Amino acid sequence: MDASLVESRLTAIEPGLALQLPGERRLGRHDAAVTLRVNELSVLAHLASGNVGGLGEDYVEGRLEIDGTLRDVTDIVAQLIGGDPIALATRRGPLAWWQQVLHSGRSLARHSVEADKRQVQFHYDVSDDFYALWLDPLRVYSCAYFRDSGFTLAQAQQAKLDLICRKLMLQPGQRFLDVGSGWGGLLLWAAEHYGVQATGITLSTNQHAHVQRLIDERGLAPRVQVRLMDYRELPEHEAFDRIASVGMFEHVGRAQLPQYFAKLRGLLVPGGLLLNHGITAGGTRNVKLGAGLGDFIERYIFPGGELLHISHVLETMAESGLEMVDTENLRPHYARTLWAWSDALEGRLGDARAVTRETVVRAYRLYLAGSAMCFERGWLALHQMLATRPSGRLGDGAGHGAGHGGLRGAQSAYPFTRDYIYR
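Residues numbered from 1 in each chain as written. Predicted model: local features only at pLDDT ≥ 70, side-chain atom pairs only at ≥ 80, totals over all residues. Heavy atoms only, no water.

## Examining the side chain of Asn276
The test is simple: Only runs of H or I of at least four residues qualify as helices and only runs of E of at least two qualify as strands under DSSP, and these elements are numbered from the N terminus. For every residue, the accessible area obtained with a 1.4 Å probe (protein chains only) is divided by the maximum for its type, and the residue is called buried under 20%, exposed over 50%, and partly exposed between those limits. Here a polar contact means two N or O atoms within 3.5 Å. Within protein one must be a hydrogen donor candidate and the other an acceptor candidate, and residues neighboring in sequence count only if both atoms are side-chain atoms. Contact between two residues is taken to exist if any of their heavy atoms lie within 4.5 Å; hydrogens are not considered.
With respect to the element layout, Asn276 can be found in strand E9 (residues 268-281). Residue classification places Asn276 among the buried positions, given a relative accessible area of 0%. At 2.6 Å, the side chain of Asn276 and the side chain of Tyr260 are in polar contact. Asn276 has contacts with Ser245, Phe249, Tyr260, Phe261, His383, Gln384 and Met385, leaving out every residue within four places of it along the chain.

## A few points about the side chain of Glu250
Quick reminder of the rule: Only four residue types enter the charge count, namely Lys and Arg as positive and Asp and Glu as negative; His and the chain termini do not. Salt bridges are defined as contacts in which a side-chain nitrogen from Lys or Arg sits within 4 Å of a carboxyl oxygen from Asp or Glu.
For Glu250, the position within the fold is in the loop between strand E8 (240-246) and helix H12 (257-267). No salt bridge is formed by the buried Glu250. Its closest oppositely charged neighbour is Lys160, at 10 Å. Here Ile279 takes part through its backbone nitrogen, which lies 2.8 Å from a polar atom of the side chain of Glu250. If sequence neighbours within four positions are ignored, Glu250 has contacts with Gly278, Ile279, Gly304, Gly305 and Glu306.

## Overview of the pairing of strand E7 (residues 224-228)
So the rule is basically this: Strand pairing is assigned whenever DSSP detects at least two bridges linking the two strands.
Bridge count for strand E6 (residues 197-202) against E7 is five bridges, and the pairing is parallel. For Ile201, the partnering residue across the bridge sits in E7 and is Arg227.

## Here we look at the sheet that holds strand E4 (residues 64-67)
The strands that make up a sheet pair up through hydrogen bonds in the backbone, lying either parallel or antiparallel. Here is the rule: To get an axis, fit a line to the C-alpha atoms, keeping to the stretch in contact for a helix; angles then go from 0 to 180 degrees between the N-to-C directions.
The strand order across the open sheet built from four strands is E2-E1-E3-E4, with neighbouring strands paired in mixed fashion. Pairing within the sheet leaves two strands with one partner each, and these edge strands are strand E2 (26-28) and E4. Looking at each pair of strands side by side, their axes are set apart by 20° on average, direction ignored. As judged from the four bridges shared by strand E1 (residues 17-20) and strand E3 (residues 34-38), these two strands associate in the parallel manner. Within E3, the position partnered with Ala18 by the bridge is Thr35.

## Here's the deal with the confidence of the model for the protein chain
How we decide: Every residue carries a pLDDT, the predictor's confidence in it, which falls somewhere between 0 and 100.
Looking at the protein chain as a whole, the pLDDT averages 88, with 86% of positions reaching at least 70. Between residues 91-105, whose pLDDT stays under 50, and residues either more than four places distant or in other chains, the model counts seven contacts. Scored below 50 in pLDDT, residues 399-404 makes six contacts in the model with residues more than four places away or belonging to other chains.

## Comments concerning helix H4 (residues 70-81)
This is how the line gets drawn: Helix span is expected to be 1.5 Å times the residue number reduced by one.
The end-to-end C-alpha distance of H4, which contains 12 residues, comes to 16 Å, matching closely the 16 Å that a straight helix rising 1.5 Å per residue would cover. Gly82 lies just past H4 and shows a positive phi near 70°.

## Some points on helix H10 (residues 185-194)
The element H10 is largely enclosed, with a buried count of eight among its 10 residues. Those residues of H10 that sit buried are Gly185, Leu186, Leu187, Leu188, Trp189, Ala190, Ala191 and Tyr194. Elements in contact with the buried residues of H10: helix H9 (153-167), strand E5 (175-179), E6, helix H11 (205-217), E7 and E8. Of the residues trailing H10, Gly195 is marked for its positive phi of about 70°.

## Structural notes on the pairing of strand E11 (residues 380-388)
Among the nine residues of E11, nine are classified as buried, and the element is accordingly described as predominantly covered. Along E11, one buried face is formed by Leu380, Leu382, Gln384, Leu386 and Thr388 and the opposite face, lined by Ala381, His383, Met385 and Ala387, is buried too. In terms of strand pairing, strand E10 (residues 323-329) meets E11 through six bridges, oriented antiparallel. Paired with Thr327 across the two strands is Met385, which belongs to E11.

## Quick word on the nonpolar core
For clarity, the cut-off: In these notes, a set of buried Ala, Val, Leu, Ile, Met, Phe, Trp, Tyr and Cys residues joined through side-chain atoms within 4.5 Å is what counts as a nonpolar core.
Residues Leu19, Trp134, Tyr141, Leu168, Phe176, Trp341 and Tyr364 are the most contacted members of the largest nonpolar core, which totals 106 residues. Take this core: its biggest share by element is 12 residues, from helix H17 (residues 358-376). Setting aside residues up to four positions removed in sequence, Leu168 forms contacts with Phe176, Arg242, Ile243, Ala244, Leu273, Leu274, Leu275 and Leu386. Core analysis: the next-biggest nonpolar cluster, separate from the first, contains 25 residues, Phe240, Phe261, Leu267 and Ile310 among them.

Listed below in structure tokens is the structure:
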């Protein structure tokens with residue numbers, strides 16, 4: 001290794017990167033904002049190749065220690081990548097078509113009901129106490145909505161829940177389905193603030209037990225129920241006026257997406273509304289981030305997760321018979337949400353290590369900060385897609401027929417203006 005060349009490259013990185021090698025040898029600026037303390041020399045191969053996902057794995061497994069703030073670390077990581085990880089993940093060689101075929105086959109195989117259950121439980125059943133350390137009091141584990149720049153995380157999460165309810169035009173007595181209901185934030189908000197008959201489903205045993213306890217404590221049964229089941233297991237004869245799927249369809253997979261939207265359409269009454277809220281890819285062809293970032297998330301955070309571009313999601317939605325009536329990108333909101341989560345976890349690392357494994361704490365430190373970086377730079381996006389199942393009745397339209405000032409041809413409850421959302 002040419003030490004002078006390494007020194008010059010380290011010096012060029014801002015706000016400064018240094019290496020502490022085995023045997024106390026140090027390379028880089030003495031005032032570097034971030035120091036990588038290398039315990040095994042194999043780490044240097046990942047550093048030299050720009051494989052930041054590999055460096056993340058080295059940190060989780062103890063082959064590398066990191067000194068410095070996570071904001072400084074992410075600034076340096078972006079420079080180490082040396083390019084857009086979307087582009088790195090979408091370079092198309094002569095066998096690109098065959099790789100797509102192989103990926104589609106793997107996607108179908110790894111998204112069976114049982115496989116999805118295992119993958120969801122791997123992520124969400126880590127420890128309720130661990131998540132409670134850095135989520136808001138309602139434990140909403142999805143992008144917040146900072147309607148006001150001065151909002152706290154808790155206020156922004158409540159604003160997000162209310163935004164979803166307003167977009168869906170929830171009314172007392174409506175049958176509402178929350179697909180992937182998490183720790184019950186949206187399910188209970190919709191029931192308590194909008195008076196709906198609410199049903200939530202989850203594959204997480206921890207989340208199911210938590211939500212059932214809240215339902216019992218608040219005396220909401222039987223108006224609110226939560227089921228431990230896959231969306232594919234919902235009975236075909238059930239019908240819902242409104243459906244929300246928040247932070248869930250990332251687990252569905254490209255191969256299963258047509259079945260997913262077809263299932264939700266079948267559960268939605270004609271003229272009803274569906275809101276699908278989830279992470280989307282920054283590029284049109286990448287199924288995961290490059291530079292090893294996607295591999296890191298697959299191994300330590302979201303096994304089975306797949307990235308889909310908004311264009312592909314909307315195409316599949318349309319092919320299933322759902323009409324998209326409104327789509328909003330909340331990408332910057334998710335960057336701020338993730339930094340709020342990251343800061344909260346950083347402030348309670350001791351408590352986190354007391355309730356879960358060290359490898360989990362390390363993986364989530366990198367995951368939260370790294371994801372914030374990806375949303376800041378547009379490598380990932382977050383879309384809310386509002387869709388309807390057309391009723392076939394031309395006079396529909398927010399309850400107003402064509403003869404009463406309504407929009408002829410509406411065929412749904414959607415009023416076809418956004419005024420009702422923001423009033």
